[in-house]
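Breakdown of the fold
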Amino acid sequence: MDVLYTTTGTATGGRDGQAKTADGSLDVKLTAPKELGGPGGEGTNPEQLFACGYSACFLGAMQFVGGQEGIKVPAETKVTATISLGKRDDGQGFNISADLDVNLPGVDQADAEKLVEKAHVVCPYSYATKGNVDVNTTLS
């Protein structure tokens, strides 16, 4: 891999702790949701951070592909990632799934489908999860 960017994040306290980047640009309180036996309330959790990261990365991948294919990705485009956490079928731990809702206002259906398909090829989140995490994409 030809490394283009590297960042570092550190968590303390597990799901009820703190997470921050080495450069200080992100510093968040972590709170486990009630659904996972935590207190809920103020704070975020790894699944929320993953949802935000995946949606931003996938939109960036669509913009990259759009530039290569000559398809304009409107500024109003939205990608909403819904991340679910559950027990694995083998009983050995946990897994996640991702549902990506892509809203490309004013883009032809065939072009939108092309952007989404090719974005899955170039998006590092899609590449990292391929074959290990169920990822479903819907155009809305």
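Data block above holds the structure.
Presented here is a report on the structure given in the accompanying data block. (Residues numbered from 1 in each chain as written. Predicted model: local features only at pLDDT ≥ 70, side-chain atom pairs only at ≥ 80, totals over all residues. Heavy atoms only, no water.)

1. Re the pattern of salt bridges
- A full pass over the atoms with the stated rule returns four salt bridges.
- A salt bridge links K114 to E69; the shortest N-O distance between them is 3.7 Å. Within this pair, whereas K114 is found in helix α2 (residues 109-122), its partner E69 is found in helix α1 (residues 46-69), the two being separated by 45 residues in sequence.
- Judged by relative accessible area, E69 falls into the partly exposed class, the value being 31%. (Salt bridge = Lys/Arg side-chain N within 4 Å of Asp/Glu carboxyl O. Helix = DSSP H or I, 4+ residues; strand = E, 2+ residues; numbered from the N terminus. Buried < 20%, exposed > 50% of the residue type's maximum accessible area, 1.4 Å probe, protein only.)

2. Overview of the environment of A110
- By secondary structure assignment, the location of A110 is in helix α2.
- Relative accessible area serves as the criterion here: at 49%, A110 is assigned to the partly exposed category.
- C-alpha separation for the pair A110 and E69, spaced 41 residues apart in sequence, amounts to 13 Å.

In short, geometric facts, not functional conclusions.
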